[in-house]
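Summary of the model geometry
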Amino acid sequence: MCPDIACCTPPGQARLSRFLRTETGKGWLTISPPLLYAMLLLIGPIIVIVANSFWSQDYLTIDHTFTLKNYQAALTEPIYRDLLMRSLFVSVTVAVVTVILAYPVAWFVSFHGGRYKGLWLFIITVPFWSGYLLRILSWKVILGYKGVLNTGLLYLGVITEPLSTLIYNVNAVIITLAHSWAAFAILPLFVSLEKLDRSLLEAAADLGDGPVRRFLRITLPLTMPGIIAALMIVMIPTVGDYVTPKLVGGKDGVMIANAIQVQFGKASNWPLGAALAVSTMVIVSIVAGALVLLLAGLKRLLK
Amino acid sequence: MRFLPSPRRLLSTYVILYVAILYFPVLLLPIFSFNDSATPKLPLVGFTFKWYEGLAGNAAMQGAAWNSLLVGITAAFVSTILGICAARAITRHRFRGKGAASGLIMAPLILPEIIIAISLLVVMLGLGLQLSLFTVILGHLLICVPYSVTVLVSGFEGFDPSMEEASRDLGETSFGTLRRVTLPMLAPSIVSSLLVTFTISLDEFILAFFLSGTEPTLPVYIWGQLRFAAKLPNVLALGSILIAASLVLLTVAELFRRRAERKMALRP
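What you are looking at is a predicted structure, and each value in this text was computed from that prediction instead of being measured. (Residues numbered from 1 in each chain as written. Chains lettered and ligands numbered in written order. Predicted model: local features only at pLDDT ≥ 70, side-chain atom pairs only at ≥ 80, totals over all residues. Heavy atoms only, no water.)

A short note on the interface of chain B and chain A
Listed per partner, the contact involves 81 residues of chain B and 74 residues of chain A. When the two sides are added together, the surface that chain B and chain A hide from each other amounts to roughly 6,900 Å², 84% of it contributed by carbon and sulfur. Counting across the interface, chain B meets chain A through zero salt bridges. Taken together, chain B and chain A are joined by eight residue pairs in polar contact (both at pLDDT 80 or more). Among the elements that line the side of chain B that touches chain A, the one with the most residues is helix α1 (residues 7-33) of chain B, at 16 residues. Tallied by class, residues from the side of chain B that touches chain A come to 63 nonpolar, nine polar and nine charged. (Contact = heavy atoms within 4.5 Å. Buried area = accessible area lost by both parts, 1.4 Å probe. Salt bridge = Lys/Arg side-chain N within 4 Å of Asp/Glu carboxyl O. Polar contact = N/O pair within 3.5 Å; in protein donor to acceptor, adjacent residues only side chain to side chain. Helix = DSSP H or I, 4+ residues; strand = E, 2+ residues; numbered from the N terminus. Nonpolar A, V, L, I, M, F, W, Y, C, P; charged D, E, K, R; others polar.)

Below is the structure:
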């Protein structure tokens, strides 16, 4: 269309400038600044971490010969294996608990929110913005041995001695995380409930289905994408949480992120730390995939 | 039967209880920051401002606040600019690989932050970069951009591309169209994105913890103070200020987002 460009510029450049005028070219050009940023600072570093995990630490220098011994240590040494299993258990439990507790709330906002839907969602997401570290700190203040719950119950005379089982265990970690991630579960659930065609529910009611059957055969299967999204959004990031185990987990609540941090800090064994990080990502992806397949199967069964 | 609560009633009660539990821990810090006791416990003893006064002459805390401000403002501006690029490409152009490209940009939302943090740390140290506020900003940009994109996509979806076309047909250059049509229409979403990303950067801890070197941001400073039990009331006071600041910023962001929505609703 524009011959002057083709004759005045080298052929490669002409092809490029023609490409940049197509829809695909314009799209790629527009998205390139954030995309390059993500490639350089996300994909690049992750590749470096994966590479590190196949090397080994030789006192202060890194030996670049390929080895699998870091993975062997990460997956077979009891301490790391247990930490990985515990982290997976915590993240799956937190995801399931958070989604089950959030579903009725998302349902309420979607079906009974009326013109205040936006306001409801805002109210529900506000606590999430109070700050990651501070939310966890308040749970420490609540659950502590001399914390709000114990001193409150003592004051009221419900207990005569502070309960020592509230904090510094896995339960405290699960409670804190489930609270922290509630907003992340509600939003995708709400979106999928909004997409649900209400006339299907009316039709089922007209044909004599009760509320339970309507829920199991229409609402639940049709909102399954939202349930899966909510589970993933909560589960994948929580597996690597660092602060919650540190503040309220105690010895029994330590998770894999704390072990990774030790390898990059005090222990200064980067390759082992890298192998732990990569193993965590791979295993959580496998569990996530299995969960998706399981729920997809359940959906087919319900229909 | 009449005395049994209806399912609707049960559901409302549950929702109110749920919201109350969501707010409870958040409201606790401010309450105890005014309590005249060295440990946060019940019953409340008396009202005091002394924990806030203790912050006034604290140079280390003020240095951290300044660092957080600097990081937050830079991260907000740069991530909003990057967010505008991504949101525009996602809403205005159809091209192959769009899903993969936007997926990669949004990925930091669902990656464990510790993995992003240590990967960045290894690369920064490998490149011989000194850990500084600059490295913190680089990290914060990664997690701020996805939020910025989310806010801005809804802004871009709200206005009609034919307005830009009309401007171009009337002889305005692309830059003129951007300045006189696109940006003014997007202004509420842009302000909302700036405020949201600033809030995220202000609160972000893990990346800052790994990447900040000797210059702490506020959350990193707070983390350091948690080692000293005696400092806890001061931390509660500082935390309460941070919570209040986040909530104000977020409410303003939400008002701007709604204004953007109203602008769209007025469109014929």
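Some points on the confidence of the model for chain A
Model confidence for chain A is summarised by a mean pLDDT of 88, while 96% of its residues fall at 70 or above. Scored below 50 in pLDDT, residues 1-7 of chain A makes four contacts in the model with residues more than four places away or belonging to other chains. (pLDDT = per-residue confidence, 0-100.)

Examining the packing of aromatic side chains
Tallying each qualifying case throughout the model produces 22 aromatic pairs over all chains. Pairing Phe 128 of chain A with Trp 129 of chain A gives two aromatic rings, centres 5.1 Å apart and planes at 70°, and the pair type is edge-to-face. Both residues of the pair, Phe 128 of chain A and Trp 129 of chain A, count as buried. Seen from their ring centres, Phe 128 of chain A and Phe 184 of chain A are 4.7 Å apart, and the 85° between their planes marks the pair as edge-to-face. Of the two residues, Phe 128 of chain A is situated in the loop between α6 (117-125) and α7 (132-143) and Phe 184 of chain A in helix α10 (residues 182-195); the sequence distance between them amounts to 56 residues. Summarising the burial analysis for this pair, Phe 128 of chain A and Phe 184 of chain A share the class buried. Chaining the aromatic ring pairs together yields one cluster made of Phe 128, Trp 129, Trp 181 and Phe 184 of chain A together with Tyr 147 of chain B. Here the guanidinium or amino end of Arg 198 of chain A rests over the ring plane of Phe 111 of chain A, the centre of that ring lying 4.0 Å away. (Phe/Tyr/Trp six-rings, centres within 6.5 Å; stacked < 30°, edge-to-face > 60°. Buried < 20%, exposed > 50% of the residue type's maximum accessible area, 1.4 Å probe, protein only. Lys NZ or Arg CZ within 6 Å of the ring centre and 35° of its normal.)

Comments concerning the pattern of salt bridges
Applying the stated criterion to the full structure yields eight salt bridges over all chains. The salt bridge partner of Glu 194 of chain A is Lys 117 of chain A, with a shortest N-O separation of 3.1 Å. Taken as a pair, Glu 194 of chain A in helix α10 and Lys 117 of chain A in helix α6 lie far apart in primary sequence, 77 residues in all. Where Arg 88 of chain B meets Glu 164 of chain B, a salt bridge forms, and the shortest distance between an N and an O atom there is 3.2 Å.

Topic: the environment of Leu 222 of chain A
Residue and element names in this part refer to chain A. Relative to the helices and strands, Leu 222 resides in helix α12 (residues 211-222). What makes Leu 222 partly exposed here is its relative accessible area of 38%. For the pair Leu 222 and Ala 95, spaced 127 residues apart in sequence, the C-alpha separation works out to 20 Å. Those residues in contact with Leu 222 that sit more than four places away from it in its chain are Leu 196 and Leu 200.

Some remarks on the UniProt feature "domain: ABC transmembrane type-1" (unreviewed entry) in chain B
The UniProt record marks residues 65-253 of chain B with the feature "domain: ABC transmembrane type-1" (unreviewed entry), using the residue numbering of this structure. Within the segment residues 65-253 of chain B, helix and strand shares are 80% and 0% respectively, and the terminal C-alpha atoms sit 21 Å apart. (UniProt positions renumbered as here; feature names shortened; annotations may be inferred.)

Brief notes about the side chain of Ser 246 of chain B
Tracing the backbone through its elements, the reader meets Ser 246 of chain B in helix α11 (residues 232-266). With relative accessibility at 0%, the residue Ser 246 of chain B sits in the buried group. Beyond its immediate stretch of four places on either side in the chain, Ser 246 of chain B contacts Trp 129 of chain A together with Thr 199, Leu 202 and Asp 203 of chain B.

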